[in-house]
Amino acid sequence: MSAAVAPEVAPAVQEIKKTTCYMCACRCGIRVHLRDGQVRYIDGNPDHPLNQGVICAKGSSGIMKQYSPARLLKPLKRKAGAERGAGDFEEISWEEVYATLAERLGKIRATDPKKFALFTGRDQMQALTGLFARQFGTPNYAAHGGLCSVNMAAGMIYTIGGSFWEFGGPDLDRAKLFVMIGTAEDHHSNPLKIAIAKFKRNGGRFISINPVRTGYSAIADEWVPIRPGTDGALLLAIIHELIAKGLYDRDFLVRYTNAGQLVNLDDKHDEFGMFVRTEVPQEEACYDPQNKLWWDRISNKPVITHSEGADPFLLGEFVLSDGTPVKPSFQLLQERVQDYTPEWAAQITGIPVDVIRRLAYEMGVTARDQQIELPIAWTDSWGKEHDTVTGNPVAFHAMRGLAAHSNGFHTIRALAILMSLLGTIDRPGGFRHKAPFPRPIPPCARTPTSPLAVRPDTPLDGMALGWPSDPDDLFIHEDGTPVRIDKAFSWEYPLSVHGLMHNVITNAWRGDPYRIDTLMIFMSNMAWNSTMNTVEVRKMLNDKDEHGEHKIPFIVVCDAFQSEMTAFADLILPDTTYLERHDAMSMLDRPISEFDGPVDAVRIPVLPPSGECRPFQEVLIELGARLKLPVFTASDGSRKYRDYPDFIVNYETEPGSGIGFLAGWRGRGGEKFMRGEPNPNQWEMYAKNNCIYHHELPRSYQYMRNWNQGYLEWSQRNRITRYAEPILIHLYSEVLQKFRLAAQGKGISRKPPEHLKQRVETFFDPLPFFYEPLETQLTDKHKYPLAAITQRPMAMYHSWDSQNAWLRQIHTYNTLYVNTQTARLQGIADGDWIWVESQWGKVRCMAQHSEAVEPGTVWTWNAIGKAAGAWNLTPEANESRQGFLLNHLISDELPGKPGASRVSNSDPVTGQAAWYDVRVRIYKAGAEEAQETSPQFEALTPVPGMKQRPTWLAYFGGGKIK
Amino acid sequence: MTQLALVIDLNVCVGCHACVTSCKEWNTSGPAGAMSDERPYDVNPTGNFFNRVQTFEVGEFPNTETVHFPKSCLHCEDPPCVPVCPTGASYKRKEDGIVLVDYDKCIGCKYCSWACPYGVREIDEKQKVMKKCTLCVDRIYDQSLPEAERKPACVMACPTSARLFGDVHDPESVVSKAIRESGGYPLMPEWGTQPANHYLPRRKTRLRIHEDELERTDNPLKIDRQLPKPDMAEPSLDDVTSW
Ligand code: SF4
Ligand code: SF4
Ligand code: SF4
């Protein structure tokens, strides 16, 4: 090529520093190019396994986040006499912040630690925030998973011991058919984009099942529109078809799932619905003891599962010698799906019968006829040697479209079962785990089980969040009432493994189950998009009791940006941005592992903190030391860790355990991984290695990990898992059956209170079933005929990016997309102002005609609408005048049974917020009405210390503007 | 003669806008100075971009295609924007076919943007000069960059590798091959501008299943279903035939 050059410039790049992106939770490796100390350019790190050099729209706009005028730069406190929500603040010093908090929290801790609640957003540091809460002694801690996608985590982990996104995903390298269901264009971001594009180029077939065709669905070979909340019906009908046609992977089911295990069907028995066990006594632990029975086809009698030479019946009914009637669990599954025919599902989902059948056949035939054999020898948990690893190349991906419904848990169980019937779990071309998964079903971590675990001046005796395996694991009082403020792990939402952040404010305000004193919120917009019933929740945040005291006495918010939430704070702690901080994406939290082995990652600051910003981690460590929380305090009572980097290097889960936040370069000289003594140079070693540690497993440990002896032993040796027992797939869930038995009054475990018995009995079904979302059941569908949902755009993450001058030019405001026919029937033209109304509230917004949405659904982009003046936008900005928030239409609670208390608008199994369940109607706004979003809120004003927002921007990174 | 260009594969473009903001990010700090944004935090923010993605729907429900369509200067072989420029600021380089604007000569009269049928030239309202995609001319020849990175910013960023870069006059280049093999087409050829940039169309992969593929002899139901055996007392052909 010619060497001609464009206009002369000085060499553009002076310094390149590597770190990890945080414009979303994907955590790509980035290179930050600095010129004269200013950010000139951020691009993808080509040596990073996650994004392999590419970057997304958000990542490329990090500069505008860093220099945004919405940054909070000073610690602030609400002015005496100012109302919460008015945003009237004064500057204070960090010393005053710490002194205030140490005193207030110290008192709480010395009296009743549960009166301190810590809830966080998509923070990526749950290992530390969780540790702090536990050390403090409060049970009231969770991140935003309850609102986000806990159904996805719980539904899959309770079935296959792993889940999508950080914990596993579709192996599109080897898949031939890829089915994406209920996924918008996030979760995952860049890795999924890379993979889908490669998959398509390699000739793979891509089907997207979604009410809306945008983003990734746009490039699908086939779009199958579906009504929201009905995915469970579709999946069960597909299961019906696969079983009816014999398109299931029998060998896989027999050896790797509980399909052949015999279930006790004596309904008089306390063990009704449980697997029959041999007499061999087993130590109590969190794994499946291999003491269940098959009915052997060869000897025609019961044998211990996996007996040499035996092969179980999967269908049929049998009687044990003691007269107990039994059936293999697969038989029960077949019976369950008997009536879930494609004809039945077509009525519910809106998908034609022949399409449902064809979907099933495409899956079944591809899995069966395009089988892959990789020449990888491995040994299974029962000692059998295999020469190859087999793959059935059908891959799935699913996310919030399935999860954010009150029937999501069972829908996702159905999906995991479908994936298992096709024989695709941790196999090439199917679903593959990422370390630390697979984990036992359920994983070993448990919460305490009684209020006695919460004691003054004492760490919580157990984890604040855990994985209940039976009713005795619930975190409740003697009388069955919840210990946690959000009622997680109670009979209302027994498997709420991520907590119910979406109920904290309502519960605390009402004093049900009790009042708290201090609510600390870290980067979560709970006065806006991270809450349902937003208008009322905002009132609760400022509501006072008869003595004029706030019902939630003290609210502390830590965030990098001024937001709807910070306006309600009593104390604002200005956080750093991702370019200004250390972070650890830890194996103790949600690391960025690859299919081929564990990966963890760090952030290393590339810029000094702006203003008086301090990273929240430093705040926690400082507070930990001041409150003398054991982990943060040396034996002589002095502060144990200098700062966060020092903590990361030297903290061990137990003294001498060799397990810390970072798995790489452990041991004195960095020669060990996963376990090893603290290494004083660990940060430097990460810095030299693209800010990651990637341990590639030997090939024979990369597949079939639920039952891979070598892998499980490796995982046990490295203390990833406690046990090396096989993790059989739970087609049939005994965990759920145990709760049902308790509700039926059977057995010796705890029993639910009277008013919840029926709820537990209904929803704790050991096999997946379909029910209409709870809110839909309570809705007059003639009056509110439409489902309303949101999708997250690719160029924005949560509410984080409206302060970003470049990204907000892509999504300046949101409209409501309405199917053209649906709109016309209402006389609504493209661009008309309309009202969207649910049983709970109404919103005025603009309609946009679309052919890419199913006629019974309306939708909008998530979290683009903002309150006036928030995020330091002008009160006239489009986000608040044209953009709108759908959350105003969504209730946080549903009416309970007469006489009983209201229940959260959530999945009754997991407590997942059911914010995709809402039903609405739409109609034209009056010609005389303001052409402006409703509701409006009084405009926020900038808080002290923030930069002025410029009227022009001409960003030039470092040096002079020409 | 060399003609550099982008080839954009609509079959994999997911409309993520990475190419939009990475372009802005690279070029705002480039040799021509900042790309300005008006009312960045106010109503109707609008700024200077060299590349934008439009999303539109084709067809009627349920046979709808949602198309993401990135568009930047197409570096036409016969660019109508060049001859209309009164000062000679707008020019096409002989050596590589890139169409550029010399900002020192540009008087911001906008003739070129009216002449461009593709709407890809945008005036910088602050500097009052016309701006457009430069094919990252300040990257692609920059010897200080590793060779693998001497590519446009948008090409480096694109997560789906939907953006290919190369010489469309070299039949062996990746772009020429892609155009040849995947049905690449220019935008609005009827204008006679001969755009150098090309687009690759959507392609569909289907699976055909024959009826008789559904059930195979090794169907597991044969094992699992305990097929009912006829009662011994039932009459059979065996009992009544005697030859
Ligand atoms: S996907 Fe984009 S925003 Fe998310 S981590 Fe990667 S580059 Fe950053
Ligand atoms: S970066 Fe690539 S996938 Fe994203 S919009 Fe641009 S061309 Fe399309
Ligand atoms: S080639 Fe360079 S200037 Fe042109 S659109 Fe891509 S990034 Fe922008």
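What you see is a predicted model, and the numbers here were worked out from it, not measured in a lab. (Residues numbered from 1 in each chain as written. Chains lettered and ligands numbered in written order. Predicted model: local features only at pLDDT ≥ 70, side-chain atom pairs only at ≥ 80, totals over all residues. Heavy atoms only, no water.)

A.B. asks: How should I be thinking about the overall build of chain A in this particular structure?
C.D. replies: Along its length, chain A carries 26 helices and 37 strands. Computed over the C-alpha atoms, the radius of gyration of chain A is 27 Å, within 12% of the 30 Å expected from 2.2 N^0.38 for a compact globule of 962 residues. A buried classification covers 70% of the 962 residues belonging to chain A. Carbon and sulfur atoms form 49% of the exposed surface of chain A, whose accessible area is close to 29,600 Å². Computing the positive centroid from 104 side-chain charges and the negative centroid from 112, chain A places the two 3 Å apart. (Helix = DSSP H or I, 4+ residues; strand = E, 2+ residues; numbered from the N terminus. Rg over C-alpha atoms; globule rule 2.2 N^0.38 Å. Buried < 20%, exposed > 50% of the residue type's maximum accessible area, 1.4 Å probe, protein only. Areas by Shrake-Rupley, 256 points an atom, 1.4 Å probe, with all protein chains shown as cover. Lys, Arg positive; Asp, Glu negative; His and termini not counted. Charge placed at Lys NZ, Arg CZ, Asp CG, Glu CD.)

A.B. asks: Mind showing me how you'd approach the sheet that holds strand β2 (residues 37-38) of chain B here?
C.D. replies: With antiparallel pairing, three strands are arranged side by side in an open sheet as β37(A)-β2(B)-β3(B). Each end of this open sheet is capped by a strand with a single partner; those strands are β37 (952-953) of chain A together with β3 (46-47) of chain B. Here two bridges tie β2 of chain B to β3 of chain B, and the two strands are oriented antiparallel to one another. Looking across to β3 of chain B, one finds that Glu38 of chain B is bridged to Thr46 of chain B. (Pairing = 2+ DSSP bridges.)

A.B. asks: Whenever I open this one, unusual backbone geometry confuses me. Can you help?
C.D. replies: Cis geometry marks the peptide bond from Ser934 of chain A to Pro935 of chain A, where omega comes out at 0°. Position of Pro935 of chain A among the secondary structure elements: in the loop between β36 (919-924) and β37. Here the residue pair Phe61 of chain B and Pro62 of chain B is connected by a cis peptide bond, since its omega of 0° sits within 30 degrees of zero. Along the polypeptide, Pro62 of chain B turns up in the loop between β4 (51-58) and β5 (65-72). In the Ramachandran plot, Ala863 of chain A falls in the positive-phi region, its phi being about 60° despite a non-glycine side chain.

A.B. asks: For this particular structure, what's the right way to read the pattern of salt bridges?
C.D. replies: Opposite charge on two side chains permits pairing when their charged atoms draw close. Residue and element names in this part refer to chain A. With the rule as written, the count across this model stands at 72 salt bridges over all chains. The closest approach of N and O atoms between Glu95 and Arg626, which form a salt bridge, is 2.8 Å. On the criterion of sequence distance, the pair formed by Glu95 in helix α2 (residues 94-111) and Arg626 in helix α17 (residues 616-626) is long-range, its members being 531 residues apart. Under the relative-accessibility criterion, Glu95 is labelled partly exposed at 46%. Here the residues in one salt-bridge network are Arg27, Arg122, Glu166 and Arg590, joined through shared partners. (Salt bridge = Lys/Arg side-chain N within 4 Å of Asp/Glu carboxyl O.)

A.B. asks: In this structure, what is going on with the site of ligand 3? I would like to understand it.
C.D. replies: Residue and element names in this part refer to chain B. Close to ligand 3 lie Cys23, Asn27, Phe50, Asn51, Ser72, Cys133, Thr134, Leu135, Cys136, Pro152, Ala153 and Cys154. Every element with two or more residues in the shell around ligand 3 is listed here: α1 (18-28) and α4 (153-157). For the shell around ligand 3, the class distribution of residues is eight nonpolar, four polar and no charged. (Near = heavy atom within 4 Å. Nonpolar A, V, L, I, M, F, W, Y, C, P; charged D, E, K, R; others polar.)

A.B. asks: I'm lost on the nonpolar core in this one. Help?
C.D. replies: Note that soluble globular proteins tend to have their nonpolar side chains buried in a common cluster. Ranked by size, the top nonpolar core spans 301 residues in total, and within it Leu101, Phe164, Phe330, Met363, Phe396, Phe632 and Phe647 of chain A carry the most contacts. Discounting chain neighbours no more than four positions away, the residues touching Phe647 of chain A are Leu128, Leu131, Ile621, Val631, Phe632, Tyr641 and Phe661 of chain A. With 42 residues, the next largest nonpolar core counts Leu6, Ile8, Phe69 and Val129 of chain B among its residues. (Core = buried A, V, L, I, M, F, W, Y, C linked by side-chain atoms within 4.5 Å. Contact = heavy atoms within 4.5 Å.)

A.B. asks: Just to check I follow, could you spell out helix α8 (residues 231-244) of chain A for this structure?
C.D. replies: The α-helix advances 3.6 residues per turn, and as a result positions three or four apart in sequence lie on the same side. Residues and elements named next belong to chain A. Compared with the 20 Å implied by 1.5 Å per residue over 14 residues, the 20 Å span of α8 between its first and last C-alpha is a close match. The buried fraction of α8 is high, at 13 of 14 residues. Where α8 terminates, the next one or two residues include Gly246, which has phi positive at roughly 70°. (Expected span 1.5 Å × (residues − 1).)

A.B. asks: Hey, could you run me through the pairing of strand β27 (residues 599-603) of chain A in this one?
C.D. replies: Regular strands have side chains that alternate between both faces of the sheet. All names here are of chain A. Among the five residues in β27, five count as buried, and that is most of the element. Alternating residues of β27 divide into Val599, Ala601 and Arg603 and Asp600 and Val602, and every residue in both groups is buried. Sheet topology note: the strand β26 (residues 583-585)/β27 ladder contains three bridges and is antiparallel. Paired with Met585 across the bridge in β27 is Ala601.

A.B. asks: Would you take a moment to explain the site of ligand 1 for this structure?
C.D. replies: Around ligand 1 sit Cys21, Met23, Cys24, Cys26, Arg27, Cys28, Ile55, Cys56, Lys58, Gly59, Ser189 and Asn190 of chain A, and that is every residue in its neighbourhood. When its residues are assigned to classes, the shell around ligand 1 shows seven nonpolar, three polar and two charged.

A.B. asks: What is the right way to look at the environment of Ser469 of chain A in this model?
C.D. replies: Its place among the elements puts Ser469 of chain A in the loop between β22 (431-433) and α15 (504-510). When near neighbours in sequence (up to four residues on either side) are disregarded, Ser469 of chain A contacts Pro442, Arg446, Val735, Lys738 and Phe739 of chain A.

A.B. asks: How do you make sense of the interface of chain B and chain A when you look at a structure like this?
C.D. replies: Where interface size is given, it is often the accessible area lost as the parts come together that is meant. At the interface, 80 residues of chain B touch 102 residues of chain A. For the pair chain B and chain A, the summed buried area comes to about 7,500 Å², and 58% of that belongs to carbon and sulfur atoms. Broken down residue by residue, the surface that chain B buries against chain A is led by Glu25, Tyr41 and Phe61 of chain B, which jointly contribute 12%. In this structure, the salt-bridge partner of Arg250 of chain A is Asp224 of chain B, at a minimum N-O distance of 2.8 Å. Between chain B and chain A we count 41 residue pairs in polar contact (both at pLDDT 80 or more) in total. In terms of residue count, the dominant contributor to the side of chain B that touches chain A is α1 of chain B (seven residues). With two bridges connecting them, β37 of chain A and β2 of chain B associate as antiparallel partners. Across the sheet, residue Trp952 of chain A finds its bridge partner in β2 of chain B, namely Glu38 of chain B. (Buried area = accessible area lost by both parts, 1.4 Å probe. Polar contact = N/O pair within 3.5 Å; in protein donor to acceptor, adjacent residues only side chain to side chain.)

A.B. asks: Please explain a nonpolar patch on the surface as it appears in this structure.
C.D. replies: Residues and elements named next belong to chain B. On the surface, a nonpolar cluster with roughly 350 Å² of combined accessible area is contributed by Val84, Tyr111 and Trp114. Relative to the assigned elements, Trp114 resides in helix α2 (residues 111-115). Its relative accessible area of 64% is what places Trp114 among the exposed residues. (Patch = residues over 30% accessible without salt bridge, like charges linked within 9 Å, V, L, I, M, F, W, Y side chains within 5 Å.)

A.B. asks: How do you make sense of the environment of Glu713 of chain A when you look at a structure like this?
C.D. replies: Looking at the secondary structure, you find Glu713 of chain A in helix α20 (residues 709-717). Spatially, the C-alpha atom of Glu713 of chain A lies 8.7 Å from that of Glu725 of chain A, the residues being 12 residues apart in sequence.

A.B. asks: I keep staring at the confidence of the model for chain A and nothing clicks. Help me out?
C.D. replies: Close inspection of predicted coordinates is inappropriate in any region flagged by low pLDDT. When the pLDDT values of chain A are averaged, the result is 95; 97% of them are 70 or greater. Below a pLDDT of 50 lies the segment residues 1-9 of chain A, which in the model reaches 13 contacts outside its immediate sequence neighbourhood of four places, other chains included. (pLDDT = per-residue confidence, 0-100.)

A.B. asks: Explain the packing of aromatic side chains here, please?
C.D. replies: Residue and element names in this part refer to chain A. Scanning the entire structure with this criterion turns up 49 aromatic pairs over all chains. Centroid distance Tyr256 to Trp707: 4.6 Å. Interplanar angle 40°. Geometry classified as tilted. Placement of the pair is Tyr256 in helix α9 (residues 250-256) and Trp707 in the loop between β28 (692-694) and α20, with a sequence separation of 451 residues. With a centroid separation of 6.1 Å and an interplanar angle of 35°, the aromatic rings of Phe561 and Trp871 are classed as tilted. You can see Phe561 sitting in the loop between β24 (554-559) and β25 (571-574) and its partner Trp871 sitting in the loop between β33 (857-861) and α26 (878-881), a full 310 residues away along the chain. The two residues Phe561 and Trp871 agree in class, both being buried. One aromatic cluster is present, formed by Phe116, Phe132, Phe136, Phe632, Tyr641, Phe647, Tyr651 and Phe661 through successive ring pairs. Note that Arg705 overlies the ring of Tyr711, its terminal NZ or CZ placed 5.9 Å from the centroid. (Phe/Tyr/Trp six-rings, centres within 6.5 Å; stacked < 30°, edge-to-face > 60°. Lys NZ or Arg CZ within 6 Å of the ring centre and 35° of its normal.)

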